[in-house]
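# Coordinate analysis (summary)
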Amino acid sequence: MSDILIVDDERDIRELVSDILEDEGYSTRLAANSDECMSSINAEPPGLLILDIWLKDSRMDGIDILKSVKRDNPDVPVVIISGHGNIEIAVAAIKQGAYDFIEKPFNIDQLMVVIRRAMETSRLRRENASLKRKEVTNSDMIGKSASFRAMQSQLDKVTKSNGRVMLSGPAGSGKEIAARYIHAHSNRANAPFVTVNCAGIEPERVEEVLFGRESTERGIESGLLEEAHGGLIYFDEVADMPLGTQSKILRVLVDQQFQRVGGSDKVRVDLRVISSTNRDLEEEIAADRFREELYHRLNVVPIAVPSLEERREDIPVLAQHFIEMCHETQGLNMREISEEFVALLQTMTWPGNVRQLKNLIERVLILGDGSGPIEAKELPNEEEKTDESGRVVLSGALATLPLREAREAFEREYLLTQINRFGGNISRTASFVGMERSALHRKLKSLGVVTSNKSGARVAQLDEPEPAE
């Protein structure tokens, strides 16, 4: 995409422009009509298109070619030239996406200024897109727990395919990071990654945002589907997409083309689709809030993203990662984390998952006034379980129980938390709590605590009695 395609029905004009540009160090291609032009573009998009508005003996005129190029190759700048120029044609060309308009007979110096600017604009756009993709590629996933490794193994299996993936998991668990991981390790890594925030777009504007818009006043405005052409589009929380839009997205998945709002031309796109949800889509289908056909189109490869509760082992490495990130991006102190701080993090509840952990680490670094290891006392007050004298503060429910029941309730919750903290590893749990492994097994049995496999990891939970028949 570094050469210039010159399209003019006058041989002398296109060869003259070509000679001038080649003297300036550019490489060129020539086309005398619309068929030659479109064939050349389809073979390899040029870095710049110089296009005559009037083309004799052609199926398409310059405006038709301009529309086609802006539809299928929106990054290619187009400079319009014409010997029959007037203000109406110039305005029409600019509205359709032309970079500039030059009237014949043109001034060579003026033409070169416009071409240099157009090529520079194109180069900057490509560099900007490349930097964004590099930023995404460097967004590596962090973790080492069994549930994390099981998920990553599934992600690795789908990176080289073009199959549609449905990521499920609670809010804040890292579903978008998983989607970016797939993209960064796929053969589309150098193409766009475009996110559609289905919950954040006003329902009445969803179709304009996705499909773009055409109007006589503002010309062509590309939507997110066009921006993702050749790359990946990620539907974040797809259950929030309006029903009417769902049917149109289904048609895009089938045909790989669509119409802009207000337009009549078909826009072709080459997309890989990844979706995510924190809801049960089968329940949404039963409630007539989600189209079953779309569900089956999107749910080709379902992958569950575990909650932070299911991967407590990863909390130390995630916390250290967020500390390094805050240091690099905000200049906050680079600090280590104490064992007591880690232990407390691993025993907390995390309804907001990884996102909640990230926010907590950032808050601790902002409010902290030291550069030494982060201590447990630096956690926000609402997480503290002791009063100023160091006494443990009982919850209201625990304080109302007799001593024996309160002790059992405490032991049950304490051991559940510790086992999950160590990824279901009984030996490590026994070592930490100071019990023999056999004694711990007996204690767990008496408290009704069992371990089972979930998301590739051992998880402790209460043994639910079988219902009586």
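A few points on the structure. (Residues numbered from 1 in each chain as written. Predicted model: local features only at pLDDT ≥ 70, side-chain atom pairs only at ≥ 80, totals over all residues. Heavy atoms only, no water.)

## A closer look at the nonpolar core
Counting 32 residues, the largest nonpolar core has Val196, Ile233, Phe235, Val238, Ile249, Phe290 and Leu298 as its most contacted members. At the level of secondary structure, the elements contributing two or more residues to this core comprise strand 7 (193-197), helix 8 (206-211), helix 9 (224-227), strand 10 (232-236), helix 10 (243-255), helix 11 (281-286) and helix 12 (292-298). Val7, Ala31, Cys37 and Met60 belong to the second largest nonpolar core, which has 23 residues in total. (Core = buried A, V, L, I, M, F, W, Y, C linked by side-chain atoms within 4.5 Å. Buried < 20%, exposed > 50% of the residue type's maximum accessible area, 1.4 Å probe, protein only. Helix = DSSP H or I, 4+ residues; strand = E, 2+ residues; numbered from the N terminus.)

## Focus: the pattern of salt bridges
A full pass over the atoms with the stated rule returns 23 salt bridges. In this structure, the salt-bridge partner of Arg180 is Glu176, at a minimum N-O distance of 2.9 Å. You can see Arg180 and its partner Glu176 sitting in helix 7 (residues 175-184), 4 residues apart, about one turn around the helix. Taking the relative accessible area as the measure of exposure, Arg180 reaches 18% and is therefore buried. With its nearest N and O atoms 2.8 Å apart, the salt bridge here joins Glu207 to Lys248. Remark: Lys248 occurs in helix 10 and Glu207 occurs in helix 8; sequence separation between them is 41 residues. For Glu207, a relative accessible area of 25% corresponds to the partly exposed category. Here the salt bridges do not stand alone but share partners, grouping Asp240, Arg279, Glu284 and Arg289 into one network. (Salt bridge = Lys/Arg side-chain N within 4 Å of Asp/Glu carboxyl O.)

## Notes on the packing of helix 17 (residues 403-421) against helix 19 (residues 437-447)
It is the contact of helix 17 with helix 19, at a shortest axis distance of 10 Å, that shows an interaxial angle of 120 degrees. In terms of orientation, helix 17 and helix 19 fall into the oblique class. Once helix 17 is placed against helix 19, the crossing between them reads as left-handed. On helix 19, the residues touching Glu408, Glu411, Arg412, Leu415 and Ile419 of helix 17 are Leu440, Lys443, Leu444 and Leu447. Looking at the contact of helix 17 with helix 19, its residues break down into 5 nonpolar, no polar and 4 charged. (Axes fitted to C-alpha atoms, helices over the stretch in contact; angles between N-to-C directions. Parallel < 35°, antiparallel > 145°, perpendicular 65-115°, else oblique. Left-handed = near helix turned anticlockwise from the far one by under 90°. Contact = heavy atoms within 4.5 Å. Nonpolar A, V, L, I, M, F, W, Y, C, P; charged D, E, K, R; others polar.)

## Some words on the packing of aromatic side chains
We describe a pair of aromatic rings using the distance from one ring centre to the other and the angle between the two ring planes. Scanning all chains against the criterion turns up 4 aromatic pairs. Ring centres of Phe422 and Phe432 lie 5.7 Å apart, and the angle between their planes is 55 degrees; on these two criteria the pair is classed as tilted. Placement of Phe422 in the loop between helix 17 and helix 18 (426-433) and of Phe432 in helix 18 is noted, with a sequence separation of 10 residues between them. Under the relative-accessibility criterion, Phe432 is labelled partly exposed at 41%. Over the ring of Phe432 we find Arg421; its NZ or CZ atom is 4.4 Å from the centre of that ring. (Phe/Tyr/Trp six-rings, centres within 6.5 Å; stacked < 30°, edge-to-face > 60°. Lys NZ or Arg CZ within 6 Å of the ring centre and 35° of its normal.)

## Remarks on helix 17
The end-to-end C-alpha distance of helix 17, which contains 19 residues, comes to 26 Å, matching closely the 27 Å that a straight helix rising 1.5 Å per residue would cover. Among all positions in helix 17, only Ala406, Leu415, Leu416, Thr417, Gln418, Ile419, Asn420 and Arg421 are buried. In the segment just after helix 17, Gly423 is the residue with positive phi, at about 60 degrees. (Expected span 1.5 Å × (residues − 1).)

## Observations concerning the sheet that holds strand 3 (residues 48-52)
With respect to topology, 5 strands assemble into an open sheet ordered 2-1-3-4-5, the strand pairing being parallel. Where the open sheet ends on each side, the last strands, each with one partner, are strand 2 (28-31) and strand 5 (100-103). In this sheet, neighbouring strand axes are inclined to one another by 20 degrees on average, regardless of whether the strands run parallel or antiparallel. Sheet analysis places strand 1 (residues 4-7) next to strand 2, joined by 4 bridges and oriented parallel. Across the sheet, residue Val7 finds its bridge partner in strand 2, namely Ala31. Where helix 1 (residues 11-23) meets the sheet, it contacts strand 1, strand 2 and strand 3, and its direction lies at approximately 175 degrees from that of strand 2. Strands strand 1, strand 2 and strand 3 of the sheet are contacted by helix 2 (residues 34-43), whose axis makes an angle of about 165 degrees with strand 1. (Pairing = 2+ DSSP bridges.)

## Observations concerning unusual backbone geometry
With the exception of glycine, the majority of residues adopt a negative phi angle, and the majority of peptide bonds are in the trans configuration. Residues other than glycine seldom take positive phi values, yet Glu237 does so here, at roughly 55 degrees. Assignment of secondary structure puts Glu237 in the loop between strand 10 and helix 10. Positive phi outside glycine occurs at Gln256, with the angle close to 60 degrees. According to the relative accessible area criterion, Gln256 is partly exposed, its value standing at 25%.

## What to know about helix 6 (residues 146-158)
For helix 6, with 13 residues, the first-to-last C-alpha span of 19 Å sits near the 18 Å given by 1.5 Å per residue. Turning to helix 6, its buried residues are Ser147, Phe148, Met151, Leu155 and Val158. Considered in projection along helix 6, the buried side chains sweep an arc of 100 degrees and stay on one side of the axis. (Arc of directions from axis to C-beta.)

## Some points on a nonpolar patch on the surface
There is a patch of nonpolar side chains on the surface, built from Phe410, Tyr414 and Phe432 and spanning about 290 Å² of accessible area. Within the element layout of this structure, Phe410 appears in helix 17. The exposure class of Phe410 is partly exposed, given its relative accessible area of 47%. (Patch = residues over 30% accessible without salt bridge, like charges linked within 9 Å, V, L, I, M, F, W, Y side chains within 5 Å. Areas by Shrake-Rupley, 256 points an atom, 1.4 Å probe, with all protein chains shown as cover.)

## Thoughts on the sheet that holds strand 10
Strand pairing in a sheet is mediated by backbone hydrogen bonds. Such pairs are either parallel or antiparallel. Taken together, 5 strands build an open sheet; the order of strands is 7-10-13-6-14 and the sheet is parallel. Every interior strand has two partners, whereas the edge strands, strand 7 and strand 14 (301-304), have only one. Geometrically, the sheet is characterised by an average inter-axis angle of 20 degrees between neighbouring strands, direction not taken into account. Sheet topology places strand 10 next to strand 13 (residues 272-277); 4 bridges connect them, and they run parallel. What sits directly across from Phe235, in strand 13, is Ser275. Its contacts with the sheet put helix 6 on strand 6 (165-168), strand 13 and strand 14, and the angle it makes with strand 14 is roughly 155 degrees. Sitting on the sheet, helix 7 is in contact with strand 6, strand 7, strand 10 and strand 13, with an inclination near 155 degrees to strand 7.

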